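The primary structure of each chain is shown beneath.
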Amino acid sequence: MNPHKMSLPEVLDNFRARNVTFKLKDGTKRTIFVNEIEDEDDSQLEMIFMADDPKDDVFISQVVDAIPGSANFSLDIHQMPFCELKFVLKGQKVEFRRKDGAIKTFVVTNVLIKNPTKKNFTFVGNKKEDSIDSSDILGVKIIADK
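Described in the following lines is the structure provided in the data block.

Rules used in this analysis
- Within every chain, residues take consecutive numbers counted from 1 along the sequence as written.
- With pLDDT at 70 or above as the cut-off, local features in this predicted model cover only qualifying residues; side-chain atom pairs require 80 or more to be listed or tallied, and sums for whole chains, interfaces and linings still use all residues.
- Hydrogens and water molecules were not included; the side-chain quantities draw on all heavy atoms of the structure.
- The buried label goes to any residue with under 20% of its type's maximum accessible area, the exposed label to any with over 50%, and the partly exposed label to all in between, with areas taken from a 1.4 Å probe on protein chains only.
- The helix count covers DSSP runs of H or I at least four residues long, the strand count covers runs of E at least two residues long, and both are numbered beginning at the N terminus.
- The pairing criterion is simple: DSSP has to find at least two bridges between the two strands.
- In this tally Asp and Glu are treated as negative and Lys and Arg as positive; neither His nor the chain ends contributes.
- Only one rule defines a salt bridge in this text: a Lys or Arg side-chain nitrogen within 4 Å of an Asp or Glu carboxyl oxygen.
- In this description, contact between two residues means that some pair of their heavy atoms is separated by no more than 4.5 Å.
- Between 30 and 60 degrees the pair is tilted, below 30 it is stacked and above 60 it is edge-to-face, where a pair is any two Phe, Tyr or Trp rings, Trp via its six-membered ring, whose centres lie within 6.5 Å.
- Between the N-to-C directions of two axes lies an angle of 0 to 180 degrees, each axis being a line fitted to C-alpha atoms and, for a helix, fitted only over the stretch in contact.

Some points on the pairing of strand S1 (residues 18-24)
Only one face of S1 is buried: it carries Arg18, Val20, Phe22 and Leu24, and the other face, with Asn19, Thr21 and Lys23, is open. With six bridges connecting them, S1 and strand S2 (residues 29-34) associate as antiparallel partners. Residue pairing across strands places Val20 opposite Ile32, the latter belonging to S2. A loop of four residues connects S1 with S2, the two strands running antiparallel in sequence, and Gly27 in this loop sits at a positive phi of about 90 degrees.

Okay, here's the thing in structure tokens:
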């Protein structure tokens, strides 16, 4: 896919919050997990595919082609800080695998801090039954289709 020929909404839909393999102008390939995409509207000089570490960021001027990976991916929520959890999960359809083996799927509308000293959070959805405590969660997977 050529991100140069896409609108910003198309670029966001295809490349944000997933692994992307970039074919670069220097002939190399680089794969990063794209946390966010910023452009001129975000006070950047050009579009940037932002990785976990800024040294791994990819600038649109470097890109010849890009191949997005699947948007269905697992997260280790117990190792993530609150701000990252809220940023990554809010508005996403998420599959929670509970410790009892049950699976609960809903769109996360908010992430609340239950106990900041123990990294204990509550994930909230639109319905009353759509909430789950992080202490009950074994695994989390973001589902591409909302």
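Focus on the side chain of Glu95
Counting through the fold element by element, Glu95 comes out in strand S8 (residues 93-98). Arg97 is the oppositely charged side chain nearest to the buried, salt-bridge-free Glu95, at an N-O distance of 4.2 Å.

Some details on the sheet that holds strand S5 (residues 58-59)
Taken in spatial order, the three strands line up as S3-S4-S5 in an open sheet, and their pairing is antiparallel. A strand with exactly one partner marks an edge of an open sheet, and here the two such strands are strand S3 (36-38) and S5. Of the strand pairs in this sheet, S3 and strand S4 (residues 48-50) are connected by three bridges, and their pairing is antiparallel. Paired with Ile37 across the strands is Phe49, a residue of S4.

Brief notes about the side chain of Ser134
Tracing the backbone through its elements, the reader meets Ser134 in the loop between strand S12 (131-133) and strand S13 (137-143). Ignoring sequence-local partners within four residues, the contact set of Ser134 consists of Ile77, His78, Lys119, Asn120, Phe121 and Phe123.

Some points on unusual backbone geometry
With a phi close to 65 degrees, Ser43 is a non-glycine residue in the positive phi region. Mapped onto the elements of the fold, Ser43 is located in the loop between S3 and S4. Among the residues examined, Ser43 registers a relative accessible area of 69% and is labelled exposed.

Description of the packing of aromatic side chains
This model, assessed by the stated rule, comprises five aromatic pairs. Connected via pairs of aromatic rings, a cluster forms that spans Phe15, Phe22 and Phe49.

Topic: the sheet that holds strand S10 (residues 110-115)
Strand order in the open sheet made by the three strands is S10-S11-S12, with antiparallel pairing throughout. The sheet is open, and its two borders are formed by S10 and S12, each paired with just one other strand. On average, each strand axis in the sheet is inclined to that of its neighbour by 20 degrees, with strand direction left out of account. Bridge count between S10 and strand S11 (residues 120-124): five bridges; the pairing is antiparallel. When the bridges of S11 are listed, Ile113 appears paired with Phe121. Strands S10 and S11 of the sheet are contacted by helix H2 (residues 82-89), whose axis makes an angle of about 155 degrees with S10.

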